[in-house]
Amino acid sequence: MSTYSQYVDEPGFDHSEMPAVGVLIANLGTPQAPTAKALRPYLRQFLSDPRVIELPRWLWSIILNLFVLTTRPKASAALYQEIWTEEGSPLLVMAERQTAAVAEALRAEVGTPLHFALGMRYGQPSIPKALNELRENGCRRIVFLPLYPHYSATSTASTFDAVAAELMTWRRVPELRTIMSYHDEPGFIDALVASIREVWERDGEPDKLLFSYHGIPLRYFQNGDPYHCLCHKTSRLVAEKLGIGQERYDVSFQSRFGREEWLQPYTDVTIRAMAKATVGKLDVISPAFSADCLETLEELDGQNREFWVEAGGSDEDYRYLPCLNDRPDHIRLLANLLRRNLAGWVEPAPEFRPQEVRAEVAESERRAREMAAAGVEEDAGYGS
């Protein structure tokens, strides 16, 4: 008999096993090291994604290989070196902390076997590696949580593509639930507001608050990507809860790449204009990122701070507000999102069951003990 198979097989499957539930947490990714050598394969994978660069493949392949990958790895490595820590990439370190914290919050209250895995869309640990960890742990149902608050085809859909591509190679495909966006979740808005108020109550309020989001090409928005609208909704909800009017905040978009037009206004242009207009004190926050990374630590708190000062602003008047990272209220939000999407798939641990259920279980166990002591088998409930 031929042993050929084009799928990931499970020949030793035990039909009596208790199915487990998996949680796949994902983020964009990071290079393995802040070096040009490590950046080259990372950027190649990232910029080869057709969700990220929507150009004819033959044309983009020429541009990518002859121009982008010959210069950008070295330049990007220099930027990563400015934010790299002894633990490694800030994004990966924080994603690991977030995953561990959410797992700790949920495992204690769930009676069903529950496993967590972290995967990055680009780089390591990869989405396939994370999914196979869950498969090896017997997970037949998986909740997928991409850590992108605002849906975009360039991020959320791209990461879903990676999940689907891996599952296409499996013989036994698990049930899958995907959390596509949480831009207007009350817990998300509350956590953002709390993070801002803590700074304002401690160090004073600014004259302006700038919400800076990672940009996408304008063409993608015009073709139906809802990202722009979701970002504006988050900003409006946060401003309303802070009690500030439209004159106190602005929305802009950062990190543009290439020559085509992206969502506007651009963050760097906006910050320069604000400094020249002497708006006073400026706070900058980026709700699009669930964890601080190159685009926040180096771009917003580094490059754009320099733009502010060069345009006439005072360094003391420019303040970057960190991402939610592993704040307790952020972890609660992520745990609550997963609780809602795990409903019906997991049973609560005994101590987390409703009082009446606990009483019923306790009575059943008491009866079973008494009958066992008397040598009587419990009636299975069939017949009269």
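Up top is the structure these notes are about.
Scoring rules and cut-offs
Residues numbered from 1 in each chain as written. Predicted model: local features only at pLDDT ≥ 70, side-chain atom pairs only at ≥ 80, totals over all residues. Heavy atoms only, no water. Helix = DSSP H or I, 4+ residues; strand = E, 2+ residues; numbered from the N terminus. Contact = heavy atoms within 4.5 Å. Areas by Shrake-Rupley, 256 points an atom, 1.4 Å probe, with all protein chains shown as cover. Lys, Arg positive; Asp, Glu negative; His and termini not counted. Charge placed at Lys NZ, Arg CZ, Asp CG, Glu CD. Pairing = 2+ DSSP bridges. Axes fitted to C-alpha atoms, helices over the stretch in contact; angles between N-to-C directions. Buried < 20%, exposed > 50% of the residue type's maximum accessible area, 1.4 Å probe, protein only. Parallel < 35°, antiparallel > 145°, perpendicular 65-115°, else oblique. Nonpolar A, V, L, I, M, F, W, Y, C, P; charged D, E, K, R; others polar. Polar contact = N/O pair within 3.5 Å; in protein donor to acceptor, adjacent residues only side chain to side chain. Left-handed = near helix turned anticlockwise from the far one by under 90°. Disulfide = S-S within 2.5 Å.

(A) Just the overall build of the protein, in detail. The helix and strand tally for the protein stands at 12 helices and 8 strands. With respect to the principal axes defined by its C-alpha atoms, the protein has extents near 90 × 60 × 40 Å. Long-range pairs, those at least 24 residues apart, make up 79% of the contacts in the protein with a sequence separation of at least 6. When the accessible surface of the protein is split by element, carbon and sulfur atoms take 53% of a total near 19,400 Å². Averaging the locations of the 41 positively and 55 negatively charged side chains of the protein gives two centres separated by 4 Å.

(B) Focus on the sheet that holds strand β8 (residues 318-321). An order of β6-β5-β7-β8 is seen for the 4 strands of this open sheet, with the pairing classed as parallel. Edge positions in the sheet fall to β6 (249-254) and β8, since each of these pairs with one other strand and no more. For this sheet the average axis-to-axis angle between neighbouring strands, irrespective of direction, equals 25°. Looking at chain direction, strand β5 (residues 208-214) and strand β7 (residues 282-285) are connected through 4 bridges and run parallel. Counterpart to Lys-208 in the pairing with β7 is Leu-282. The sheet contacts of helix α8 (residues 227-242) involve β5 and β6, and relative to β6 the element is tilted by about 150°. The strands that helix α9 (residues 267-276) touches are β5, β6, β7 and β8; relative to β5, the one it contacts most, it runs at about 165°.

(C) The environment of Phe-160, seen in detail. With respect to the element layout, Phe-160 can be found in helix α5 (residues 153-167). A relative accessible area of 29% means that Phe-160 is categorised as partly exposed. When neighbours within four sequence positions are excluded, Phe-160 is seen to be in contact with Phe-144, Leu-176, Thr-178 and Met-180.

(D) Broad picture of the sheet that holds strand β2 (residues 114-123). With parallel pairing, 4 strands are arranged side by side in an open sheet as β2-β1-β3-β4. Both edges of this open sheet fall to β2 and β4 (175-178), since each of them pairs with a single strand only. With direction set aside, neighbouring strand axes in the sheet form an average angle of 25°. Here strand β1 (residues 20-30) runs beside β2; their pairing, made up of 9 bridges, is parallel. The partner of Asn-27 across the bridge, within β2, is Met-120. Those strands touched by helix α3 (residues 90-107) are β1 and β2, and its axis lies near 160° from that of β2. The strands touched by helix α4 (residues 127-136) are β1, β2 and β3 (139-146); relative to β2, the strand with the most contacts, the crossing angle is about 165°.

(E) The arrangement of the packing of helix α2 (residues 57-83) against helix α10 (residues 294-310) in detail. One can describe the packing of α2 onto α10 by two numbers: an axis separation of 10 Å at closest approach and a directional angle of 90°. Put simply, α2 runs roughly perpendicular to α10. Counted together, Leu-79, Tyr-80, Glu-82 and Ile-83 of α2 and Leu-294, Leu-297, Glu-298 and Gln-303 of α10 form the full contact between these two elements. Looking at side-chain class alone, the contact of α2 with α10 contains 5 nonpolar, 1 polar and 2 charged residues.

(F) Representation of the side chain of Ser-286 within the structure. Mapped onto the fold, Ser-286 is located in the loop between β7 and α10. By relative accessible area, Ser-286 is classed as buried at 2%. In this structure the side chain of Ser-286 is engaged in a polar contact, spanning 2.5 Å, whose partner is the backbone oxygen of Ser-212. The contact partners of Ser-286, leaving out residues within four places of it in the chain, are Ser-212, Tyr-213, Gln-254, Thr-296, Leu-300 and Cys-323.

(G) Molecular detail of the packing of α4 against α5. It is the contact of α4 with α5, at a shortest axis distance of 9 Å, that shows an interaxial angle of 55°. In terms of orientation, α4 and α5 fall into the oblique class. The element α4 and its partner α5 pack so that their crossing is right-handed. Here Ile-127, Pro-128, Leu-131 and Asn-132 of α4 lie close against α5, whose contacting residues are Thr-159, Ala-162, Val-163, Glu-166 and Leu-167. Residue classes in the contact of α4 with α5 are distributed as 6 nonpolar, 2 polar and 1 charged.

(H) Structural detail: the state of the cysteines. Counted according to the given criterion, the structure contains 0 disulfides. Free cysteine: Cys-293, not disulfide-bonded; nearest cysteine sulfur from Cys-323 at 6.1 Å.

Everything listed is a geometric property; what it means functionally is a separate question.
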